[in-house]
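Spelled out from the first residue to the last, the chains are:
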Amino acid sequence: MPRPLIGITTYVEESTRYGVWDLATSLVPSGYHELVRAAGGAAVLLPPDDPSRAGEVLSRVDGLVIAGGPDVDPVHYGAARDPRTGAPATVRDIWELALIRAALESGAPLLGICRGMQALNVALGGTLIQHIDGHAHTPGVTSWHPVRPVDGTRYAALVPEEADVPTYHHQAVDRLGEGLVVSAHALDGTIEAVELTDPDRWVVGVQWHPERDKDTRVMAALVDAAAEFNLTTPGATLAPAAL
């Protein structure tokens, strides 16, 4: 059977240097597609597109990863901008929120990573804490800290033990979006994972960066859910050639 095809969102950097070039580039760290492959999937990168075509794009893949990145603009959850919140990433916000809503509508499996978890929460009507201390220390350097699973959740079934995870963020989930439940906390109480309460829907967000770790359990569960979604959804395809 062909590997499930997992779409990973990318972002545009206006100035990226490689070789003799300095160009606008759609990119995402290679750890994302490497983790998908290690977990048994095939990866395809999804650059920003017309948000009205989010459903069309999503219909070509079996599962979706919303990658980490800059802060979600507080305009999307009705909050005033904190001075410590990063500059808006308007195109990316609109595109990824559209993809998330399309996935929620279609039932496609979804994993939100760091910013992706926060965007999931916002898409479901939740809010964010715009600044916390202690989860990002040196700029550009990943920190590690333990997270504790919440008993009875999908995440706890995958990772039942307290686990050290690679983390780099200064915002966090505040009010939960509709239908979400907390599935892991940091030792300071910060929400570190969320998921839909519906047991038939594979939608999970993690605040850390599994693509910077060797633990494939969460990503492998997404890949397995994507394979099952393909088998039960008319029109879905596992064949990369369909792209």
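The preceding data block contains the structure.
The following paragraphs examine the structure supplied in this document.

Analysis parameters
- Residues numbered from 1 in each chain as written.
- Predicted model: local features only at pLDDT ≥ 70, side-chain atom pairs only at ≥ 80, totals over all residues.
- Heavy atoms only, no water.
- Helix = DSSP H or I, 4+ residues; strand = E, 2+ residues; numbered from the N terminus.
- Polar contact = N/O pair within 3.5 Å; in protein donor to acceptor, adjacent residues only side chain to side chain.
- Contact = heavy atoms within 4.5 Å.
- 1 Å grid on protein atoms, 1.4 Å probe; cavity = no way out; pocket = protein on both sides within 12 Å on 5 of 7 lines; lining within 4 Å.
- Points joined across faces, edges and corners; volume = space filled by probe spheres on them.
- Nonpolar A, V, L, I, M, F, W, Y, C, P; charged D, E, K, R; others polar.
- Axes fitted to C-alpha atoms, helices over the stretch in contact; angles between N-to-C directions.
- Parallel < 35°, antiparallel > 145°, perpendicular 65-115°, else oblique.
- Left-handed = near helix turned anticlockwise from the far one by under 90°.
- Core = buried A, V, L, I, M, F, W, Y, C linked by side-chain atoms within 4.5 Å.
- Buried < 20%, exposed > 50% of the residue type's maximum accessible area, 1.4 Å probe, protein only.

**Comments concerning the side chain of Thr 10**
Moving on, step 1. As for its placement among the helices and strands, Thr 10 is situated in the loop between β1 (5–9) and β2 (11–18).
Moving on, step 2. At 2.6 Å, the side chain of Thr 10 and the side chain of Ser 26 are in polar contact.
Moving on, step 3. Setting aside residues up to four positions removed in sequence, Thr 10 forms contacts with Ser 26, Leu 27, Val 28, Leu 45, Leu 46, Pro 47, Pro 48, Arg 92 and Glu 96.

**Considerations on the layout of surface pockets**
Moving on, step 1. In this model, the largest pocket occupies a volume close to 290 Å³.
Moving on, step 2. The wall of the largest pocket is formed by 18 residues, among which Gly 68, Gly 69, Pro 70, Tyr 168 and His 209 lie closest to the centre.
Moving on, step 3. Of the residues that constitute the lining of the largest pocket, the class distribution is seven nonpolar, seven polar and four charged.
Moving on, step 4. By volume, the second largest pocket amounts to about 150 Å³.
Moving on, step 5. As for the second largest pocket, its lining consists of Gly 107, Pro 109, Arg 154, Pro 199, Asp 200, Arg 201, Trp 202, Ala 225, Glu 228, Phe 229 and Thr 232.
Moving on, step 6. Broken down by element, the residue count for the lining of the second largest pocket peaks at four residues, all from helix α6 (residues 217–232).
Moving on, step 7. Considering only residue class, the lining of the second largest pocket consists of five nonpolar, two polar and four charged.

**Quick notes on the packing of helix α3 (residues 90–106) against helix α4 (residues 115–123)**
Moving on, step 1. At a minimum axis distance of 10 Å, the contact between α3 and α4 shows a crossing angle of 70°. Taken together, the axis directions place α3 and α4 in an arrangement best described as roughly perpendicular. Both α3 and α4 take part in a crossing whose hand is right-handed. Contacts between α3 and α4 pair Arg 92, Asp 93, Glu 96, Leu 97, Ile 100 and Arg 101 from the former with Arg 115, Gly 116, Ala 119, Leu 120, Val 122 and Ala 123 from the latter.
Moving on, step 2. Its residues assigned to classes, the contact of α3 with α4 comprises six nonpolar, one polar and five charged.

**Observations regarding the nonpolar core**
Moving on, step 1. Counting 37 residues, the largest nonpolar core has Leu 58, Leu 64, Leu 99, Ile 100 and Leu 120 as its most contacted members.
Moving on, step 2. Sorting the residues of this core by element identifies β4 (42–46), α2 (54–58), β5 (63–66), α3, α4, β11 (180–186) and β12 (191–196) as the ones contributing at least two each.
Moving on, step 3. In terms of residue count, α3 provides more of this core than any other element does, eight residues in total.
Moving on, step 4. Sequence-distant contacts of Leu 58, defined by excluding residues within four places in its chain, comprise Leu 64, Leu 99, Ala 102, Ala 103, Ser 106 and Ala 108.
Moving on, step 5. Counting 32 residues, the second-largest nonpolar core is a separate cluster that includes Leu 35, Val 159, Ala 221 and Val 223.

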